[in-house]
Structures are given as C-alpha cells and as structure tokens.
Amino acid sequence: MHHIHREKLFSLFDDNQNGVVFIQGADTMYRYSTDYEFPFRQESNFWYLTGANEADCALILDLKKEEYHLFVPKRDAQYAVWHGYVKTLEQYQKEYNPDHLHYSNELLHVLNELKPDTVYCLDEEQAEYIEDLDRGFEVETEALIDALTYCRVLKTDWELDQMREACRVNDLAYTEVMKSIRPGMFEYELKAIFSKVNLENGLLLDAYNGIFASGVNASILHYVENNSKVNDGDLFLMDAGYECNGYAADYTRTFPANGTFTETQAGIYNAVLNAQNQVIEEVKPGAKMEDLHMLAARVMMQGLLDLGVLKGSLDEIMEENIFALFFPHGLGHFLGLDTHDVGGYPKGVDRIDRPGIKFLRARRELLPGMVITIEPGLYFVPAVLEPAIEDPEKAKYLNIERVKSLMNFGGIRIEDDVVVTETGYENLTNVPKAIEEIEKLMSN
Ligand SMILES: [Mn+2]
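Each chain carries its own residue numbering, running from 1 in the direction its sequence is written. Where local features are concerned, this predicted model is filtered to residues with pLDDT of at least 70; where side-chain atom pairs are given and counted, the filter is 80 or more; whole-chain, interface and lining totals use all residues.

S.K.: Tell me about the sheet that holds strand β13 (residues 371-374), and name the residues and values.
M.R.: Any two strands between which DSSP finds at least two bridges are classified as paired. Numbered from the N terminus, helices here are DSSP runs of H or I no shorter than four residues, and strands are runs of E no shorter than two. Spatial ordering of the open sheet is given by β13-β16-β17, a layout of three strands whose pairing is antiparallel. Two strands bound the open sheet, and with one partner strand each, they are β13 and β17 (425-427). Taking each pair of neighbouring strands and ignoring which way they run, the sheet shows an average axis angle of 35°. As judged from the four bridges shared by β13 and strand β16 (residues 416-420), these two strands associate in the antiparallel manner. When the bridges of β16 are listed, T373 appears paired with D417. Sheet strands in contact with helix α10 (residues 263-281) are β13, β16 and β17, and its direction is about 155° off that of β13. Axes, fitted as lines to C-alpha atoms, cover a helix only where it is in contact. Angles between the N-to-C directions of the axes lie from 0 to 180 degrees. Note on contacts: each residue gets a C-beta atom placed from the backbone, and two residues are in contact if those atoms are within 7 Å.

S.K.: Mind laying out the nonpolar core, listing which residues take part and the relevant values?
M.R.: Judged by nonpolar contacts, the single largest core of 119 residues is most densely connected at V21, F22, L59, A166, V272, M300 and L378. Counting residues per element, this core draws most heavily on helix α11 (residues 289-306), at nine residues. Domain boundaries shown here were taken from an automatic or database domain assignment. Among the domains, domain 1 (2-152) and domain 2 (157-443) are the pair contributing at least three residues each to this core. Residue contacts for A166: discarding those within four places in its chain leaves L203, Y242, E243, C244, Y247, A248 and A249. Any set of buried Ala, Val, Leu, Ile, Met, Phe, Trp, Tyr and Cys residues joined through C-beta atoms within 7 Å is what this text calls a nonpolar core. For every residue, the other C-beta atoms within 10 Å of its own C-beta are counted; 20 or more classify it as buried, 12 or fewer as exposed, and values in between as partly exposed. C-beta atoms are placed from the backbone.

S.K.: Kindly report on the domain arrangement of the chain, identifying the contributing residues and their values.
M.R.: Assigned domains of the chain: these are domain 1 (2-152) and domain 2 (157-443). On the side of domain 2, nine residues touch domain 1, which itself brings eight residues to the contact. At the level of elements, α2 (44-50) and α7 (143-153) are the ones that each hand at least two residues to the side of domain 1 that touches domain 2. Considering each element in turn, the side of domain 1 that touches domain 2 owes the most residues, three residues, to α2. Residue classes follow a fixed rule: Ala, Val, Leu, Ile, Met, Phe, Trp, Tyr, Cys and Pro count as nonpolar, while Asp, Glu, Lys and Arg count as charged, and any other residue, Gly among them, counts as polar. Looking at the side of domain 1 that touches domain 2 residue by residue, the classes come out as four nonpolar, two polar and two charged.

S.K.: Let's hear about the sheet that holds strand β5 (residues 118-120): which residues, and what values?
M.R.: Either a parallel or an antiparallel arrangement is found when strands of a sheet pair, and the pairing is made through backbone hydrogen bonds. Pairing within the open sheet is mixed, and its six strands lie in the order β4-β3-β2-β1-β5-β6. Bordering the open sheet on either side are β4 (100-103) and β6 (138-140), each of which pairs with just one other strand. In this sheet, adjacent strand axes meet at a mean angle of 25° when their direction is disregarded. Sheet topology places strand β3 (residues 67-72) next to β4; four bridges connect them, and they run parallel. Looking at the pairing, H69 lines up with H100 of β4.

S.K.: Explain unusual backbone geometry to me, using residue names and the numbers behind them.
M.R.: In this structure, D134 is a non-glycine residue whose phi angle is positive, near 60°. Taking the number of C-beta atoms within 10 Å as the measure of exposure, D134 has 7 and is therefore exposed.

S.K.: Account for the packing of helix α8 (residues 157-180) against helix α17 (residues 435-443), with residues named and values stated.
M.R.: Axis separation between α8 and α17 bottoms out at 7 Å; the angle between their running directions is 70°. Taken together, the axes of α8 and α17 are roughly perpendicular relative to one another. Considering only the axes of α8 and α17, their crossing is right-handed. Contacts from T175, M178 and K179 of α8 reach α17 at I438, L441 and M442. Our angle categories are set so that under 35 degrees counts as roughly parallel, over 145 as roughly antiparallel, 65 to 115 as roughly perpendicular, and the remainder as oblique. Put simply, a crossing is left-handed when the front helix is turned counterclockwise from the back one by less than a right angle, and right-handed when it is turned clockwise.

Now the structure itself:
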C-alpha cells in the first residue's frame, strides 16, 4: 500500500526537474551507552513511503523517473547470531518491492549515477550528510517536509483501515480496564490490563506513554508515573493507546474507581461530556479547530455555572479567559502515524496568543480524510486556582468556597478519535462514555 503514498508524493513535485528525495530511516536506539535496545520504531515519514520496518535503511526517490530506490544494510553472520536472521536481497525485494534495491554501501554510487541538481532532505542532519559528500548537489530541506505533511494529513482508505483496527482493539482494552478496576489496585495494574489486551490482539507498540491517573493525579496533564494506589471514591483518568501498523489510537476515559459517580463527579463529568458531544456533532468539512475549541470551552463553562462553581455572565467568563483556569490544553490534534500528527499548523498560521487556546495543536479548516482527536477536559489545579482566588479580577467569577472544596478533585477528560468525512464525521472510538453506560458496564 505504500506505493500509493509514494505516488501521492511524486504528484506534488515537478517531474521535469532533475531532483531526488533522500531519507535515512531510523537507527536502532540504545539506552545511553549500554547495549539495551529500545523496541524499534521506524521514523514515520520513512515508514509512510516504504513500509520497511527495520533499522539502517535509506531511500531515494527519483523525481524525474518516479522511481524508488531502497537501500538495505548488508548484515554479517555476527548479526545473525544476535538477531536470528539475515535477509537476502531476494527477500527484501519480495517484501518491499522497490524499483531498485541496493545495499547501503552503494548509496554514493547511486547518487553519482543519478547526478541530481537538487536533493530534498527531511532535516538539517540528513542535509549535512549530503552536503558533506561534496558533490555539488543543491540541498533543500523545506519542500519535502511540506509535501509529506500535506500527504499525511489526508488519510488514504488503507490508512483509515489501520486506524479502525487500532481503535477496534483499543476499544476492547479500555472496556476491559473499566470492568476490572477496583479500589485498592495500583495504577500500574490497570496499565498492565490495558497492555495485555492490546498485545494479545496483535498491537505490539504503544503510541505514546500512557496516563493512568487516579484521584488528584488526574489533574496532571502528563502524569505517567502510574504508581499510586486507587482509592475508593476516586475518579480514574486513563489516556493511552496502542498503534496498528504505525497508526495510533489515542483515547481518554474518566470513570469512578468504585463504579458509581458521586453527584459532584457526575455534574462536572456531564459538563465535559456535553462539550465533547456537541463539538463532535460540529465536525465536518470547513469547520475550524479553533472554533470547536471555543465551543467546547463555552459549553464547559456553562456547566460550571450551572453547578455553582462559577458565577456571573458566561460571555464575560469567556472574554476574561476564565475558561483557561479549568481547561488549560487544546481541544484536540491530528492523529496518524504520530500521536500528535503532522499538519496542525499550515504555513503562515501561528498559534493564538491567548490563555487557554495557545496550546491548541491544530488550527485549520477540516477536510475529508483528516483524523482528529476531540478531547475537552476540566481540571482543578491548585497552582492555577490558588492565585486566581487571590486575584480580584478572576475571583469575582469564582464561587470561592466551591472552588476550594474541589482542590483535590483531580480532572476529567474525554477523548475520541474522529475521521472527517464528506458529510460529517465517523467516530472511531466505541467505549462507553455516558454515565449510565459506564455504570452499567462497571456493575457487571
Ligand atoms: Mn490526545
């Protein structure tokens, strides 16, 4: 399927030019200066164009002939001793089907034969490698990343199928954790259950470092210690995902450790859920991420007003950025080969310099084939709220007693993965999120 990705990339370059794309694939990574190998994960752009999931490869795309050269390492017997196999060129050819297959040590020779005027590189390091060859090739580092970003933002049917499969399995894993959790367990035990279900269904790599946060830990956006005990009465927030053929799932669910929401928990939970549901209904071609972000903020602030956590006018609460005290991250991001996938900010579009929206990771009009996460949340972070209570301009919108009583509340986030379609959206995430559904699932 990766030939479709190469064709897509070729179509973006002028084929009258004498140019080549050069990309070095990922190396094996080690823990500091030891021989502990991290699990191999191909660099996403290289993976996108080749489907070659092994270390020490390189590729050249001849833009004039639209041909694909793959360079593979020549392994020796010593490699076979430690890693079990050495592929023959025939095996490489069969597996990846390049127009031309070479051993890596032929790279310079091939470049000399092709004599490109321009070599398009991904980054400065790889550009330097070409420049150091001193063959007089012009090196360009912007056009390739722009072209790959354009390609990767709009998913092909095959890519969407990988994401559907990732989500199918992650659905099972989330559901299993929700059924298994009991007060007294440790956060890492829930992580173990989540990993087990993904692994036994064939998803072998996590897409990011998962968050398994009980109680007050849930107010820490990147809490990854996952080593606290889950207490009765805690909410449990999990934000984790495994990838399928490189394509990430990234969900969040928040649920009560003992299976039943308290009235306070349910009120704040429904403020987040209403925001998420309303925003997802607005996902369609032409919708703007920053508008969806502000809609989510507005719905959640109305929720906090209804609960008596806030007071005053909703318009003023929005204008005065009070929402940023409780919703300090972006509504969502592109999803694909990377969890925070490429393309969030097209050229010339900058981040909005305003509290509560400056961390938004994507700011552009949605188009069919894009995949985004929708993940509003409300958090009670003492380091943010205590100064706000002391600031009369902010404190006038806060019901101080109520806010103080929520300092140990933690946080709530609900996140689904959504494909933008021609007419609207397809939600890839199928894990209970309405309170009745969660409580029903957890009572079994
Ligand atoms: Mn996310």
